[in-house]
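So you can see what is in the structure, the chains are spelled out below.
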Amino acid sequence: MDSTELRIAAVVPCHNEEASVAKVVADLQAAVPGIVVYVYDNLSTDATAERARAAGAIVRAEHTKGKGNVVRRAFADIEADVYLMIDGDDTYEASAAPLMIKTLLDGPYDHVLGVRKQQDEGASAYRSGHETGNKVLNGVVGKVFGENVEDMLSGFRVFSRRFVKSFPAVSREFEIETELTVHSLHLRVPQTAVPVGFRDRPAGSESKLRTYHDGFKILALIIGLARHERPVAFYGLFGTLSFLVSIILTIPIVVEFYNTHEVPRFPTLFLGFTLLLLGSLAWTAGLILDGIRRSRHEASRLVYLRYSAVSADDPQRPNGHGGDANGGADR
């Protein structure tokens with residue numbers, strides 16, 4: 001792949017990855033000649049920055065802790081035609097990068113997901129509970145957004161410029177992969193998946209993912225995204241439940257009033273009508289927020305459409321570079 005025709009940038013978020021970052025940089029450079037590797041040092045206390053710089057990477061610092069903060073900074077700062085994101089822990093096979101980039105260009109696609117496949121059938125590169133948790137979260141997102149998700153938490157992905165520059169990136173930590181997945185689903189961008197090798201961390205490298213803490217944060221993000229992206233279903237569920245409870249509480253009182261012309265349980269009647277009112281408010285909120293959601297999606301789509309699809313042989317690419325006319329190479 002000729003780097004004079006395509007600007008390909010790799011974003012490698014790192015926090016204390018001195019044991020592995022140099023190999024990740026070297027593997028990327030060997031797999032994709034001409035790629036520019038940006039290592040973002042996120043408050044490392046070891047020699048991560050020095051090792052990455054010695055391996056030939058451009059090292060930048062992000063002083064706000066969290067992978068989401070790193071990705072937001074990198075996507076804002078770096079100008080390229082193709083963006084590759086990979087973790088600095090050397091758990092992903094960088095040799096899959098050329099296939100992922102070629103898949104993006106041939107589509108053309110805007111998002112290619114690297115679906116993790118165990119290299120050693122006899123052992124698991126996942127920490128205890130992570131594989132099960134990933135499958136559960138994949139299922140939840142698939143149900144909420146109506147699309148099959150193969151590996152929502154994968155940190156190995158390739159993006160087009162128009163995906164990156166239309167991505168809001170509001171997550172701070174490990175929820176960023178979930179946000180990337182949901183962004184691709186709600187914009188309905190052309191995307192596909194490619195199997196990639198997944199292995200254990202090298203000796204001396206430790207995972208920064210906290211199983212339960214980060215798992216609950218990701219689940220909370222999914223609930224929040226469901227509230228924003230499916231407001232009718234989200235608020236309609238609470239509204240319908242309020243209606244049902246209101247009916248269950250109110251009907252016996254109405255029947256008794258019809259027979260005796262008395263209301264012996266006035267507090268229960270008051271609760272029933274209150275729940276009826278709350279249910280109506282919930283449905284109204286859902287319908288209003290759905291209109292706002294639609295406007296938000298249309299605005300996001302218009303931003304997305306400002307950039308052309310990336311393709312190695314696209315005759316509309318000015319001077320061999322995709323994207324808008326103002327995008328300059330960031331070296």
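Asks: Outline helix H9 (residues 231-260), supporting the account with residue identities and numerical values.
Replies: Since there are 3.6 residues in each turn of an α-helix, residues three or four apart along the chain are aligned in direction. Between the first and last C-alpha of H9 there are 43 Å, a value that for 30 residues agrees with the 44 Å anticipated at 1.5 Å per step. Considering bend angle alone, the principal kink of H9 is centred on Thr 250 and spans about 30 degrees; proline Pro 252 follows within four residues of it. Phi turns positive, to about 60 degrees, at His 261, one or two residues after H9.

Asks: Describe the layout of surface pockets, listing the residues and the values that go with them.
Replies: For the second largest pocket, the calculated volume is near 360 Å³. What lines the second largest pocket is simply Phe 145, Glu 147, Leu 185, His 186, Leu 187, Arg 188, Arg 230, Arg 293, Arg 294, His 297, Glu 298 and Arg 301. For the lining of the second largest pocket, the secondary-structure elements that each account for two or more residues are helix H7 (176-187) and helix H10 (266-304). Across the lining of the second largest pocket, the residue classes break down as three nonpolar, two polar and seven charged.

Asks: Run through the environment of Lys 65, naming residues and quoting values.
Replies: With respect to the helices and strands, Lys 65 occurs in the loop between strand S3 (58-61) and helix H3 (67-77). Exposure remark for Lys 65: the relative accessible area of 56% places this residue in the exposed category. A sequence separation of 21 residues divides Lys 65 from Ser 44, and the C-alpha atoms of the two residues are 9.7 Å apart. When sequence neighbours within four positions are dropped, the list of residues in contact with Lys 65 reads His 15, Asn 42, Leu 43 and Arg 172.

Asks: Explain unusual backbone geometry residue by residue, including any values.
Replies: In this structure, the amide linkage connecting Gly 107 to the following residue, Pro 108, adopts the cis form with an omega of -15 degrees. Tracing the sequence through the fold places Pro 108 in the loop between helix H4 (97-106) and strand S5 (111-118). Residue His 261 is not a glycine yet carries a positive backbone phi of 60 degrees. Its location among the elements puts His 261 in the loop between H9 and H10. The exposed category is assigned to His 261, whose relative accessible area is 62%.

Asks: So what's going on with the environment of Glu 17? Which residues, and what values?
Replies: Counting through the fold element by element, Glu 17 comes out in the loop between strand S1 (8-14) and helix H1 (21-31). For Glu 17, a relative accessible area of 6% corresponds to the buried category. For the pair Glu 17 and Gly 88, spaced 71 residues apart in sequence, the C-alpha to C-alpha distance is 6.4 Å.

Asks: With reference to specific residues and values, describe the sheet that holds S5.
Replies: Spatial strand order, S3-S2-S1-S4-S6-S5-S7: seven strands in an open sheet with mixed pairing. Here the strands that pair on one side only, and so sit at the sheet edges, are S3 and strand S7 (191-198). The mean angle between the axes of side-by-side strands here comes to 20 degrees, regardless of whether they run parallel or antiparallel. Sheet topology places S1 next to strand S2 (residues 36-41); six bridges connect them, and they run parallel.

Parameters and conventions
Counting restarts for each chain: residues are numbered from 1 in the order of the written sequence. Local features in this predicted model are restricted to residues of pLDDT 70 or higher, and side-chain atom pairs are both shown and tallied only at a pLDDT of 80 or more, whereas totals for entire chains, interfaces and linings draw on every residue. Hydrogens and waters are ignored; side-chain quantities use all the structure's heavy atoms. Here a helix means four or more residues in a row that DSSP labels H or I, a strand means two or more in a row labelled E, and each is numbered from the N terminus. In this analysis, the expected span of each helix is defined as 1.5 Å times one less than the number of residues it contains. Across the chain, bend at a residue is computed as the angle between axes fitted to the seven residues ending at that point and the seven starting from it. Each cavity reported here is a set of points on a 1 Å grid over the protein atoms alone in which a 1.4 Å probe fits but cannot get out, each pocket an open set with protein on both sides within 12 Å along at least five of seven lines, and each lining residue one with an atom within 4 Å of a point. Grid points are joined across faces, edges and corners, and a volume is the space filled by probe spheres set on the points. Residue polarity is assigned by list, with Asp, Glu, Lys and Arg as charged and Ala, Val, Leu, Ile, Met, Phe, Trp, Tyr, Cys and Pro as nonpolar; anything else, Gly included, falls into the polar class. For every residue, the accessible area (1.4 Å probe, protein chains only) is compared with the maximum for its type, and the residue is labelled buried under 20%, exposed over 50%, or partly exposed between those bounds. Any two residues having at least one pair of non-hydrogen atoms within 4.5 Å are treated as being in contact. Only strands that DSSP links by at least two bridges are regarded as paired with each other. Lines are fitted to the C-alpha atoms to define the axes, a helix being fitted only along its stretch in contact, and any angle between axes, read from their N-to-C directions, falls within 0 to 180 degrees.

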